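# Coordinate analysis (summary)
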Amino acid sequence: MSTAPSTTDEAPLPAAPAPGPRGPWAPLRPLVLRLHFYAGLLVAPFLLVAALTGFLYAGAFQAEKLVYAQEMTVPVGDALLPVSEQVAAARKAHPEGTVTAVRPSPRDDASTRVLLSGVEGVGATHSLAVFVDPYTGEVRGALEQYGSTGALPLRTWIDEFHRDLRLGENGRLYSELAASWLWVIAGGGVALWFSRRRALRKVRGTGGRRRTLGLHGTVGVWAAAGFFFLSATGLTWSQYAGAHIDELRTSLGQSTPAVSSAAGGGEHAGHDAAGGDGGDGEHGVGLDRILAAARAEGLGDPVEIVPPADAGSAYVVRQVQRSWPTKQDAVAVDPATGEVTDVVRFDDFPVLAKLTRWGIDLHTGVLFGLVNQIALMGLALALILLIVWGYRMWWQRGRGSAFGRPIPRGAWAQVPPYVMVPLMAVIAVLGYFLPLLGIPLAVFLAVDVVLGELAHRRGRRASA
């Protein structure tokens, strides 16, 4: 449902029964057909890049375990060293920068990660992850890490290409454009598919363009729900639409709560500490007592310990498990006394905050692990095939040596006012919240009107 749609040049069929009364869909179908064709044609290159990189990203989780097995896994030992000793071992090997977080070993065979910021050659939004054997204190390596899921260089590179083509903030426009239009193209394709007579939907026993259309439509209909989901969740952390979604959630009191990092406690509206003044992450009572206090509050593995940002801040210990069941509880611990000063439970998150968390994690392939990743790879592959079939149908509309003619104009004129007026109101609202849907659509309509007017005037002069 992502590129060129069906057209009207199929082989003749047996005469159909006389049509009944025309409903609202009859005048809308040519409009949806034209929009589906041009939107698919113009947005398909962006969707193709998103699908290819999304396919690679979903597979990167398992590839990461193989490529970085030396750093990520350790032989199981008898007893774990105190976290403070593991951090000290990491700092001995890498004294540069500042400790911004510590992720103690979450499994018997997993290493501990000590995250450093301010390291030369490491980007400002990235950290240097030092991997420590929790049983022996041996430093098994150091790699650049990005994001809350702990992406290492391979997955980070694919993630950044998928998100912004590695072009920074301006590059994010490509992925937001793709996400903004994917649901429109998919929805239009589904509507067109179900509006066709059953005989035109068949794949078996057909050939040429009819067969390509059947494959395109059948796969698109089956994958449409997944495309709607990817589009909606992708928009939640996009540049412009994401900001509107955040504003809406805030206005509804559905923002994600965060534990207060003030050492003296406070309401949940505070913010997490980002780092500490001490380069080794040790403040007050030390990392081991801080972790013990968090454990006493029920925070099981995996957790991340964030040192205080300044003298007036507390340690923040938060669960970082995004697979099912989600563990996102967090506590603040006073570094002077080792007492818990604030607690936030995932069970207490507002409904939209939970849905956003689960939606993002499902979109990125972490919520259900390998099954989730395989499903995402399947959706990405379906989208790639749909794009290829869409362009193939356009080629097949020609004479086998050139792309075919576009869908003719005039669709807007066929829509009655009682349908057009509410339709334009809906488009205006969507265009405000999804600017990379609204702006390109407005440009397309303006160009279409101008070209139509020019063609009309040329026709009048020719007939004069």
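Here, every reference points to the structure presented above.
The text that follows walks through the structure, step by step, so that each part is easy to find. (Residues numbered from 1 in each chain as written. Predicted model: local features only at pLDDT ≥ 70, side-chain atom pairs only at ≥ 80, totals over all residues. Heavy atoms only, no water.)

Here we come to the pairing of strand β7 (residues 330–333). Residues Ala330 and Ala332 point to one face of β7 and Val331 and Val333 to the other, with burial holding for every one of them. When strand β6 (residues 315–319) meets β7, the two strands line up antiparallel, connected through four bridges. Its bridge partner lying in β7, Val316 is registered against Ala332. Remark: six residues form the turn of the hairpin made by β7 and strand β8 (residues 340–344), two consecutive strands paired antiparallel; Gly338 in that turn has positive phi of roughly 75°. (Buried < 20%, exposed > 50% of the residue type's maximum accessible area, 1.4 Å probe, protein only. Helix = DSSP H or I, 4+ residues; strand = E, 2+ residues; numbered from the N terminus. Pairing = 2+ DSSP bridges.)

What follows deals with the packing of helix α6 (residues 208–236) against helix α9 (residues 351–364). It is at 9 Å that the axes of α6 and α9 come closest, and there the two elements cross at 115°. On the basis of their axis angle, the class for α6 and α9 is roughly perpendicular. Of the two possible hands of crossing, α6 and α9 adopt the one that is left-handed. Each of Phe229, Leu230, Thr233, Gly234 and Thr236 in α6 lies in contact with α9, whose residues at this interface are Gly359, Ile360, Leu362 and His363. Class assignment of the residues belonging to the contact of α6 with α9 gives a composition of four nonpolar, five polar and no charged. (Axes fitted to C-alpha atoms, helices over the stretch in contact; angles between N-to-C directions. Parallel < 35°, antiparallel > 145°, perpendicular 65-115°, else oblique. Left-handed = near helix turned anticlockwise from the far one by under 90°. Contact = heavy atoms within 4.5 Å. Nonpolar A, V, L, I, M, F, W, Y, C, P; charged D, E, K, R; others polar.)

A separate point is the pattern of salt bridges. Applying the stated criterion to the full structure yields 14 salt bridges. With a closest N to O distance of 3.3 Å, Arg163 and Asp159 form a salt bridge. Taken together, the positions of Arg163 and Asp159, both in helix α4 (residues 153–164) and four residues apart, correspond to about one turn of that helix. Considered together, Arg163 and Asp159 belong to a single accessibility category, that of buried residues. Between Arg172 and Glu169 there is a salt bridge; the shortest N-O distance is 3.2 Å. Classification of Glu169 by relative accessible area gives partly exposed; the value is 47%. Shared partners join several salt bridges into a network, and the residues in it are Arg103, Glu304 and Arg318. (Salt bridge = Lys/Arg side-chain N within 4 Å of Asp/Glu carboxyl O.)

Turning to the packing of aromatic side chains, a few remarks are in order. Applying the stated criterion across every chain, the model contains ten aromatic pairs. Here the aromatic rings of Trp157 and Phe161 are separated by 5.4 Å at their centres, their planes lie at 10°, and the arrangement is stacked. Placement of both Trp157 and Phe161 in helix α4 is noted, with a separation of four residues, approximately one turn of the helix. Trp157 sits in the partly exposed class, given a relative accessible area of 45%. (Phe/Tyr/Trp six-rings, centres within 6.5 Å; stacked < 30°, edge-to-face > 60°.)

This part takes up unusual backbone geometry. Across the junction of Asp301 and Pro302, the peptide omega takes the value -5°, indicating a cis bond. Looking at the element boundaries, Pro302 is found in the loop between α8 (287–296) and β5 (303–306). We note that Leu165 has phi near 60°; this positive angle belongs to a residue other than glycine. Relative to the helices and strands, Leu165 is located in the loop between α4 and α5 (172–195). Even without being a glycine, Arg166 presents a positive backbone phi close to 60°. If you trace the backbone, Arg166 turns up in the loop between α4 and α5.

Turning next to the layout of surface pockets. Here the second largest pocket defines a volume of roughly 900 Å³. If you go around the second largest pocket, you meet 28 residues; those closest to its centre are Met72, Pro106, Arg107, Arg113 and Thr149. Sorting elements by how many residues they give to the lining of the second largest pocket places helix α1 (residues 25–67) first, with four residues. The residue inventory of the lining of the second largest pocket, partitioned by class, reads ten nonpolar, eleven polar and seven charged. (1 Å grid on protein atoms, 1.4 Å probe; cavity = no way out; pocket = protein on both sides within 12 Å on 5 of 7 lines; lining within 4 Å. Points joined across faces, edges and corners; volume = space filled by probe spheres on them.)

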